[in-house]
Amino acid sequence: MSSNWDPLALHSPSHSEELKVSFPQEHVMLMTLNRPRHLNAMTPQLTNDIAAILNWFDDEPSLWIVIVTGEGRAFCAGADLKAWLHNQSSGTANEQENVASSVHGFASISRRHTSCKPMIAAVNGSAYGGGVEMILNCDMVIASEDAVFALPEVKRGVLAAQGVIPRLGRVAGHQLASEMLLLGNTITAIQARDRFRFVNLVVEKSAVVPTALDIARQMNMNSPDSVQSSKEGLILSQKHHFEEAVQTHSMSLVSKRLYHGANIKEGLAAFSERRKPRWSNPAKL
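Residues numbered from 1 in each chain as written. Predicted model: local features only at pLDDT ≥ 70, side-chain atom pairs only at ≥ 80, totals over all residues. Heavy atoms only, no water.

Visitor: Where do I start with the overall build of the protein in this structure?
Guide: In terms of regular secondary structure, the protein is built from 12 helices and 10 strands. When the backbone C-alpha atoms are referred to their principal axes, the protein occupies close to 65 × 45 × 35 Å. The proportion of buried residues among the 285 residues of the protein is 45%. Sequence-distant contacts in the protein: of pairs separated by 6 or more residues, those separated by 24 or more amount to 68%. As displayed, the protein offers around 14,500 Å² of accessible surface, 55% of which is attributable to carbon and sulfur atoms. Separation of charge centres in the protein, based on 27 positive and 27 negative side chains, amounts to 2 Å. (Helix = DSSP H or I, 4+ residues; strand = E, 2+ residues; numbered from the N terminus. Buried < 20%, exposed > 50% of the residue type's maximum accessible area, 1.4 Å probe, protein only. Contact = heavy atoms within 4.5 Å. Areas by Shrake-Rupley, 256 points an atom, 1.4 Å probe, with all protein chains shown as cover. Lys, Arg positive; Asp, Glu negative; His and termini not counted. Charge placed at Lys NZ, Arg CZ, Asp CG, Glu CD.)

Spelled out as C-alpha cells, the structure:
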C-alpha cells in the first residue's frame, strides 16, 4: 500500500481521559469517547479534546482516515441535559449564539466540513441527540445490531440544531426525517439502514470496530489524493448547484494537489506495469 507509515513518530496533542486515541492500523486513527458510566455524553472537556485531536489529524499527512466509536454500551448519549438545565435556570444559556458561532458543531464533529479526510462512525451502542448529529456527518456508518438511534430533543423541549435537520432531510427525505425529528422516537439499526438510510452496515457488536477497520483498509488501498478529492466533491455538492459544484471542485486546491502530485503518476504507472500501487502521503495544502 505505502512505505511511509511510522506510528511511533506520531505525537498527538495532550488530552484528558475522556478521550482515547490510538493508531491501530496503517494510516488510521481510532478515537474512542471514554465516558462509559455517563453513556459518553458530551462535556466541554471532551469537545475540546476532540477538536484538538481532529485539528491535528487534519494536518498530519500520514493519517488518512479517522474512526469514531464509544467505550462501553453507548456510542454517545448526546448533550449533558443536567448541565443544560443548570445553564437555563441560571440565565447563562445562550443557545442561538452558541449554535451560530459553533464552527464544527456538536462535539466538534456534527458540522465539521473543513476536512477532506474520511471519517467512519463505528456505532457500538445507543446514539441519542447529538450522538446522531455526529453520525450524520460521518462518511460511512457501521452499526452494532443492537444499536438504537433517536433524536428525542422535542421530548425535552430543546432542538436538534447542530446540522442534523438538513442532513437527515437530504438523506432520508422530508417525511421520514419528520418521523424522527417530530416524534422523537427510537429506531433500530436495521431501520436506520433500510428506512432512514444513514447506516451502511449492521454487524454483530463485537465486529463493529473490526469492520470499520476493514472498511478503512479497503479505502486505503486507493490513492489518498483521489479519496480525499472525492470527499471534497461530495461536500461541495451539498453547498452548490450541480455545475457550480463541478467547476468549484475542478479548480480546488485538493484537485490541484491530485493532478500535480506523485500518486496520480504512481497509479497510472502501476496500472501500466500490472503491479499494485505504492501510495505516498498527500502533500500538505
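Visitor: Help me understand the pairing of strand S5 (residues 119–123) in this model?
Guide: Looking along a regular strand, one sees side chains alternate from face to face of the sheet. When you tally the buried positions in S5, you get 5 out of 5 residues, the bulk of the element. Of the two faces of S5, the one carrying Met-119, Ala-121 and Val-123 and the one carrying Ile-120 and Ala-122 are both buried. Relative to S5, strand S3 (residues 65–70) is paired through 4 bridges, and the arrangement is parallel. Note on S5: the bridge partner recorded for Val-68 is Ala-121. With 4 bridges connecting them, S5 and strand S7 (residues 140–144) associate as parallel partners. (Pairing = 2+ DSSP bridges.)

Visitor: When you look at the sheet that holds strand S2 (residues 28–33) in this model, what are you seeing that I'm missing?
Guide: Hydrogen bonds between backbone groups are what pair the strands of a sheet, and the pairing can be parallel or antiparallel. Strand order in the open sheet formed by 6 strands is S1-S2-S3-S5-S7-S10, and the pairing between neighbours is mixed. Looking at the sheet topology across the chains shown, the edges are occupied by strand S1 (19–25) and strand S10 (201–203). Recorded for the sheet is a direction-independent mean angle of 20 degrees between the axes of neighbouring strands. Where S7 meets S10, 3 bridges bridge the pair, whose relative direction is parallel. Opposite Ser-144, over in S10, you have Val-203 as the bridge partner. (Axes fitted to C-alpha atoms, helices over the stretch in contact; angles between N-to-C directions.)

Visitor: Sorry if this is basic, but what is going on with the sheet that holds strand S4 (residues 74–76) here?
Guide: A sheet is described by the order of its strands in space; here 4 strands give the open sequence S4-S6-S8-S9, paired in mixed fashion. Edge positions in the sheet fall to S4 and strand S9 (186–188), since each of these pairs with one other strand and no more. Taken over all neighbouring pairs, the strand axes of this sheet differ in orientation by 20 degrees on average, direction set aside. Here strand S6 (residues 126–128) runs beside strand S8 (residues 148–150); their pairing, made up of 2 bridges, is parallel.

Visitor: What's the story with the layout of surface pockets in this structure? I'm lost.
Guide: Rolled over the atoms, a probe as big as a water molecule pinpoints where empty space is left. Of the volumes computed, that of the second largest pocket is approximately 820 Å³. Together, 35 residues line the second largest pocket, and Leu-136, Asn-137, Cys-138, Asp-139 and Gln-238 are the ones closest to its centre. Those elements that provide at least two residues to the lining of the second largest pocket are helix H1 (44–59), helix H4 (130–136), S7, helix H5 (164–172) and helix H9 (224–239). For the lining of the second largest pocket, the element with the most residues is H9, which contributes 7 residues. (1 Å grid on protein atoms, 1.4 Å probe; cavity = no way out; pocket = protein on both sides within 12 Å on 5 of 7 lines; lining within 4 Å. Points joined across faces, edges and corners; volume = space filled by probe spheres on them.)

Visitor: Sorry, what's going on with the nonpolar core here?
Guide: One broad trend across soluble globular proteins is that nonpolar side chains are buried collectively. Of all hydrophobic cores here, the largest spans 48 residues; its most connected members are Met-31, Ile-50, Met-134, Phe-149 and Phe-198. Ranked by the residues each element gives to this core, the list is headed by H1, at 6 residues. Not counting the four nearest positions on each side in its chain, Ile-50 is found in contact with Leu-19, Met-31, Leu-33, Met-42, Ala-107, Ser-108 and Ile-109. In terms of nonpolar packing, the next biggest core, distinct from the first, is built from 16 residues, Val-28, Leu-30, Ile-120 and Trp-279 among them. (Core = buried A, V, L, I, M, F, W, Y, C linked by side-chain atoms within 4.5 Å.)

Visitor: It is not clear to me how the packing of aromatic side chains should be interpreted in this structure. Could you clarify?
Guide: Given two aromatic rings, their pairing is described by the distance between the two centres and the angle made by the two planes. The full count for this structure, using the stated rule, is 2 aromatic pairs. Summarising the aromatic geometry, the rings of Phe-23 and Trp-56 are spaced 6.1 Å apart at their centres and angled 65 degrees between planes, so their arrangement reads as edge-to-face. Note that Phe-23 is positioned in strand S1 and Trp-56 in helix H1, a separation of 33 residues in sequence. We classify Phe-23 as partly exposed; its relative accessible area is 22%. For Trp-56, a relative accessible area of 17% corresponds to the buried category. Aromatic pair Phe-149 and Phe-198: ring centres 5.4 Å apart, planes at 85 degrees, arrangement edge-to-face. Remark: Phe-198 occurs in the loop between helix H7 (189–194) and S10 and Phe-149 occurs in strand S8; sequence separation between them is 49 residues. As far as burial versus exposure is concerned, Phe-149 and Phe-198 are alike and both buried. Stacked on the ring of Phe-57, the Lys or Arg Lys-117 has its end atom at 4.8 Å from the ring centre. (Phe/Tyr/Trp six-rings, centres within 6.5 Å; stacked < 30°, edge-to-face > 60°. Lys NZ or Arg CZ within 6 Å of the ring centre and 35° of its normal.)

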